[in-house]
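# Overview (structure and organization)
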Amino acid sequence: MRTVIPFLNYGLQEPTFTSYSHALSEVVAMTYLLGKGYDPQTAFKTVESWEVNEKFY
């Protein structure tokens, strides 16, 4: 849980800049990558790299 909490906090603040649906999608994708063995920084950067103008492609 200690590893996931920063992502949860990020997701709670992200709707200020985007929709709740988008923020939740980001958090889910990041925590999925954590579960696959990615380190937190790489999981975050990977999911952020999937976005263009706050949309996933």
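Report on the accompanying structure. Just so it is clear, the model here is predicted, and its values are computed rather than measured.

## Things to note about helix α2 (residues 20-35)
- Helix length check: α2, at 16 residues, gives a terminal C-alpha distance of 22 Å against a target of 22 Å (1.5 Å per residue), a fit within 8%.
- For α2, the complete set of buried residues consists of His22, Ala23, Glu26, Val27, Ala29, Met30, Leu33 and Leu34. The buried residues of α2 occupy one face: seen down the axis, they fall within an arc of 165 degrees. Among the exposed residues of α2, those oriented more than 90 degrees off its buried face are Tyr20, Ser21, Leu24, Val28, Tyr32 and Gly35.
- Turning to α2, the residues buried within the fold contact α1 (5-13), α3 (40-49), β1 (51-52) and β2 (55-56).
- Positive backbone phi, approximately 105 degrees, marks Gly37, located one or two places after α2.

## Some points on the packing of aromatic side chains
- In this structure the tally under the stated criterion is 1 aromatic pair.
- Consider the rings of Tyr10 and Phe44, whose centres lie 5.2 Å apart with planes at 85 degrees: the pair is edge-to-face. Of this pair, Tyr10 sits in helix α1 while Phe44 sits in helix α3, and the two are 34 residues apart along the sequence.

The rules we used
- Residues numbered from 1 in each chain as written.
- Predicted model: local features only at pLDDT ≥ 70, side-chain atom pairs only at ≥ 80, totals over all residues.
- Heavy atoms only, no water.
- Helix = DSSP H or I, 4+ residues; strand = E, 2+ residues; numbered from the N terminus.
- Expected span 1.5 Å × (residues − 1).
- Buried < 20%, exposed > 50% of the residue type's maximum accessible area, 1.4 Å probe, protein only.
- Arc of directions from axis to C-beta.
- Contact = heavy atoms within 4.5 Å.
- Phe/Tyr/Trp six-rings, centres within 6.5 Å; stacked < 30°, edge-to-face > 60°.

Honestly, that's just the spatial picture; any functional story needs more than this.
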